[in-house]
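As a plain string of letters, each chain reads:
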Amino acid sequence: MTAPLTVVLPDAKAVKDMLSGLVGKPVSVTPGAPVTPTEKDPVSVAVYVSPTMAVNALCVMDLPLAAWTGGALALLPPGGVQDAVEEDGELTAMLVEALHEVVNVLSALFNVPGAPHSKLYSSYAPGDDLPGDIAGMLAAFNRLDLAVEVPGYGKGRLSLVIPS
């Protein structure tokens, strides 16, 4: 009998390399605080599933990082992206679309030999209502919490979570 396939957390270097390649800028990645949603701190959540449609990973970004990565990918002017974060407190439709592409590409971090295939199932923009089961999974202890800086844009926080 073979052991079941399990999803493993990538290391910080894999996240740094993936994000740097994606946004075309050398992002910096350091250990950070967990990203958790609150009324004053909306987050984006990407839900990844296995071929059997079981949730096997989550990517959580605070509002600033969601904006910075989406803005950098879409080559949007940093000033306009900063306004969306600081003045509006939400992402524009274009930033939401770019963020969706960012988290779709990040699914590759979980697709390593010996792990079940992970694909993006859904993504929630900062401020969207999260389903209760997904919100409950955000507290899992099997996680990687990082502070990320996108040059020219700013700093934010990222958590990758493997639900129990």
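What you are looking at is a predicted structure, and each value in this text was computed from that prediction instead of being measured.

J.: How do you make sense of helix α2 (residues 63–73) when you look at a structure like this?
T.: Because an α-helix packs 3.6 residues into every turn, residues spaced three or four apart end up facing the same way. Among the eleven residues that make up α2, nine are buried, leaving the element largely enclosed by the rest of the structure. Every buried residue of α2 is accounted for by L63, L65, A66, A67, W68, T69, G70, G71 and A72. Capping the start of α2 is the job of one residue whose side-chain oxygen sits 2.9 Å from the backbone nitrogen of L65: D62. Downstream of α2 by one or two residues, L75 has phi in the positive range, about 55°.

J.: Help me understand the pattern of salt bridges, please; the structure alone is not making it clear to me.
T.: Pairing between side chains of opposite charge can happen when their charged atoms approach one another. One pass over the structure, following the stated rule, counts four salt bridges. Residues D17 and K13 are paired through a salt bridge, measuring 2.6 Å at the closest nitrogen-oxygen approach. Taken together, the positions of D17 and K13, both in helix α1 (residues 12–23) and four residues apart, correspond to about one turn of that helix. In this structure, R143 and D145 form a salt bridge, with 2.9 Å as the shortest nitrogen-oxygen distance. Like R143, the residue D145 is buried in the burial classification. Among the charged side chains, a salt-bridge network with shared partners connects D41, D62 and R157.

J.: Teacher, can you tell me more about unusual backbone geometry here?
T.: A negative phi angle is the norm for most residues apart from glycine, just as the trans form is the norm for most peptide bonds. Phi is positive for M53, close to 70°, though the residue is something other than glycine. Relative to the helices and strands, M53 resides in the loop between β2 (43–49) and β3 (55–62). Phi at L75 is positive, roughly 55°, even though this residue is not glycine.

J.: I keep staring at the side chain of T69 and nothing clicks. Help me out?
T.: Turning to its location among the elements, T69 is positioned in helix α2. Sequence-distant contacts of T69, that is, excluding residues within four places in its chain, are made with L19, V23, M61, L99, V102 and V150.

J.: In this structure, what is going on with the packing of aromatic side chains? I would like to understand it.
T.: Where two aromatic rings form a pair, the distance of their centres and the angle of their planes describe that pair. One pass over the full model with this rule turns up one aromatic pair. On the numbers, 5.4 Å between centres and 50° between planes, the contact of Y48 with F110 is tilted. Linking Y48 in strand β2 with F110 in the loop between α4 (93–106) and β4 (119–124), this pair joins segments that are 62 residues apart in sequence. By relative accessible area, Y48 is classed as buried at 0%. The buried category is assigned to F110, whose relative accessible area is 0%.

About the thresholds
- Residues numbered from 1 in each chain as written.
- Predicted model: local features only at pLDDT ≥ 70, side-chain atom pairs only at ≥ 80, totals over all residues.
- Heavy atoms only, no water.
- Buried < 20%, exposed > 50% of the residue type's maximum accessible area, 1.4 Å probe, protein only.
- Helix = DSSP H or I, 4+ residues; strand = E, 2+ residues; numbered from the N terminus.
- Polar contact = N/O pair within 3.5 Å; in protein donor to acceptor, adjacent residues only side chain to side chain.
- Salt bridge = Lys/Arg side-chain N within 4 Å of Asp/Glu carboxyl O.
- Contact = heavy atoms within 4.5 Å.
- Phe/Tyr/Trp six-rings, centres within 6.5 Å; stacked < 30°, edge-to-face > 60°.

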